[in-house]
Amino acid sequence: AAAAPGPLDKGCSLRRSLRLPASAAAEGMKRPLGRRYGLWFRLRKVMLWLLGVYIAIPFLVKLCPAIQAKLVFLNFVRVPYFIDLKRPQDQGLNHTCNYYLQPEEDVTIGVWHTVPAALWKNARGKDQLWFEEALGSSHPVILYLHGNAGTRGGDHRVELYKVLSSLGYHVVTFDYRGWGDSIGSPSERGMTYDALHVFDWIKARSGDNPVYIWGHSLGTGVATNLVRRLCERETPPDALILESPFTNIREEARSHPFSVASTRYFPGFDWFFLDPITTSGIKFANDENVKYISCSLLILHAEDDPVVPFHLGKKLYNIAAASRSFRDYKVQFVPFHTDLGYRHKYIYRSPELPRILREFLGKSEHEHHH
């Protein structure tokens, strides 16, 4: 009788069995709450870390202006990778020779010289001396100054060389000191001096052939620095072509897509980010330079340019057109509609480009000979 379970025991067993699921359910509820709390804690840590970085970067840039200079030049970005700049033929430039020039002691720059397509067969297998002498042939020369990042072997740059060569121009281009396989430390002064050295090197070999200067993006800043200096010493080029230009580097940095969000939401953006550029001695003041330039000027700009806004190119044109230094020379602005999709670096694709250059440079050549 003692061993047999009574009604009470059955009730107690029943109550115990009913309690167990309740306690298990409570524990089950605690686990999701704990997981949610842990997730929120980790998320909060990440947000605080990002906020700390967001606050620390401006102070770091302010204390180390060299960082901002690196971001302007982007010379450490070498694209395309794994190409041998000593072998331009690997990029489809079979009528191109690679040189190395020395503008200053401890500075060596790599140069490509592409001859006009009409000389392609004659150029095969020729050495540097032949290419240098070819500059004296009856073909005009374009000195091309590329923008930041990459090298003289950049894809869009190579395609432009091919277009210009097919139109009958010698194309001479180079990597500034610190770019590509060129030796030296980048600076605005150094880039301008490299360009001056190459220009003088061309003029010493090209005879009376017209020499034009073509700058793209950051290269427009180098181009106007160079041409202003040439005009001041009374040896101007026959024309200046600016592709996707800006007014000055400070205004371009403020308008750059990476800066727009910071400009809107970060207090003291100019003091933190733009002043260090000036402190580093980087100005690229196209808007000032054009006031001292006396040669024909052609500006090319795509309306859908996401890097250098179209309105900056138009503003530079308006400044140049109103300048007294251009009163005896042609100043032309050619826009490319958004629907064409040329953006920042594909204007070379325009089927209208040969006509534009022929009409503009034809008049420049006429001015040169008269």
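That block above? That's the structure.
Now for a quick tour of the structure. Computed from a prediction, not measured in an experiment: that's the story for all the values here.

**A closer look at the overall build of the chain**
- Scanning the chain for helices and strands turns up 13 helices and eight strands.
- In the chain, which comprises 370 residues, the proportion classed as buried is 48%.
- Here the contacts in the chain between residues at least 6 apart in sequence split such that 76% fall between residues at least 24 apart.
- By element, 58% of the accessible surface of the chain is carried by carbon and sulfur atoms, the whole surface being about 18,800 Å².

**Brief notes about the sheet that holds strand 7 (residues 296–302)**
- With mixed pairing, eight strands are arranged side by side in an open sheet as 1-2-4-3-5-6-7-8. Among the strands making up the open sheet, the edge pair consists of strand 1 (96–104) and strand 8 (331–336). Sheet twist, expressed as the mean angle between neighbouring strand axes with direction ignored, is 20°.
- Across five bridges, the pairing between strand 6 (residues 239–243) and strand 7 is parallel. Across the sheet, residue L242 finds its bridge partner in strand 7, namely I299.
- Here helix 6 (residues 188–206) sits on the sheet in contact with strand 1, strand 2 (107–114), strand 3 (141–145), strand 4 (170–174) and strand 5 (211–216), set at roughly 120° to strand 1.
- Set on the sheet, helix 7 (residues 218–232) makes contact with strand 3, strand 5 and strand 6; between it and strand 5 the angle comes to about 145°.

**Here's the deal with helix 6**
- Compared with the 27 Å implied by 1.5 Å per residue over 19 residues, the 27 Å span of helix 6 between its first and last C-alpha is a close match.
- The complete set of buried residues in helix 6 reads E188, G190, M191, T192, D194, A195, L196, V198, F199, W201, I202 and S206.
- Count one or two residues on from helix 6 and you reach G207, which has phi positive near 60°.

**Considerations on unusual backbone geometry**
- For the bond from V79 to P80, the omega torsion is -5°, close enough to zero to count as cis.
- Positive phi values are uncommon outside glycine, yet S244 reaches one of about 55°.
- In this structure, S244 sits in the loop between strand 6 and helix 8 (249–255).
- Residue classification places S244 among the buried positions, given a relative accessible area of 0%.

**A few points about the environment of V334**
- One can find V334 in strand 8.
- Separated by 34 residues in sequence, V334 and L300 have C-alpha atoms that sit 5.0 Å apart.
- If we ignore the near neighbours within four places in the chain, the residues touching V334 are L298, I299, L300, H301 and I356.

**What about the side chain of H216?**
- By the element assignment, H216 lies in strand 5.
- We classify H216 as buried; its relative accessible area is 3%.

**Section: the environment of L143**
- For L143, the location among the structural elements is in strand 3.
- In this structure the C-alpha to C-alpha distance between L143 and F174, which are 31 residues apart in sequence, comes to 8.8 Å.
- Setting aside its immediate chain neighbours within four residues, L143 contacts V172, F174, A195, V198, F199, I202, Y212, I213, W214 and L226.

**What to know about helix 7**
- The first and last C-alpha atoms of helix 7 sit 22 Å apart over 15 residues, in line with the 21 Å expected at 1.5 Å per residue.
- Buried residues dominate helix 7, accounting for twelve of its 15 residues.
- Immediately downstream of helix 7, the backbone of E234 shows phi near 65°, a positive value.

**A few points about the packing of aromatic side chains**
- The tally for this structure, following the rule as stated, stands at twelve aromatic pairs.
- Their ring planes at 50° and their centres at 6.2 Å tell us that Y81 and F82 sit as a pair that is tilted. This pair shows no difference in class: Y81 is exposed, exactly as F82 is.
- Through successive ring pairs, a cluster of aromatic residues spans F73, F174, Y176 and W179.
- Positioned over the ring face of W130 is K126, at 5.7 Å from the centre of the ring.
- Sitting over the face of the ring of Y292, R228 holds its NZ or CZ atom 4.0 Å from the ring centroid.

**Observations concerning the pairing of strand 2**
- Across the eight residues that make up strand 2, a large majority, seven, are buried.
- Alignment of strand 1 against strand 2, held across seven bridges, turns out to be antiparallel. Bridged to T96 within strand 2 is T114.

**A look at the nonpolar core**
- Membership of the largest hydrophobic core comes to 57 residues, with the highest contact counts inside it found for F73, L143, L145, F174, I213, L240 and F284.
- Here this core gathers at least three residues from each of two domains, domain 1 (39–73 + 250–281) and domain 2 (85–249 + 282–361).
- By size, the runner-up hydrophobic cluster in this structure holds 30 residues, among which are I142, V163, A239 and I241.

What counts as what
- Residues numbered from 1 in each chain as written.
- Predicted model: local features only at pLDDT ≥ 70, side-chain atom pairs only at ≥ 80, totals over all residues.
- Heavy atoms only, no water.
- Helix = DSSP H or I, 4+ residues; strand = E, 2+ residues; numbered from the N terminus.
- Buried < 20%, exposed > 50% of the residue type's maximum accessible area, 1.4 Å probe, protein only.
- Contact = heavy atoms within 4.5 Å.
- Areas by Shrake-Rupley, 256 points an atom, 1.4 Å probe, with all protein chains shown as cover.
- Pairing = 2+ DSSP bridges.
- Axes fitted to C-alpha atoms, helices over the stretch in contact; angles between N-to-C directions.
- Expected span 1.5 Å × (residues − 1).
- Phe/Tyr/Trp six-rings, centres within 6.5 Å; stacked < 30°, edge-to-face > 60°.
- Lys NZ or Arg CZ within 6 Å of the ring centre and 35° of its normal.
- Core = buried A, V, L, I, M, F, W, Y, C linked by side-chain atoms within 4.5 Å.
- Domains from an automatic or database assignment.

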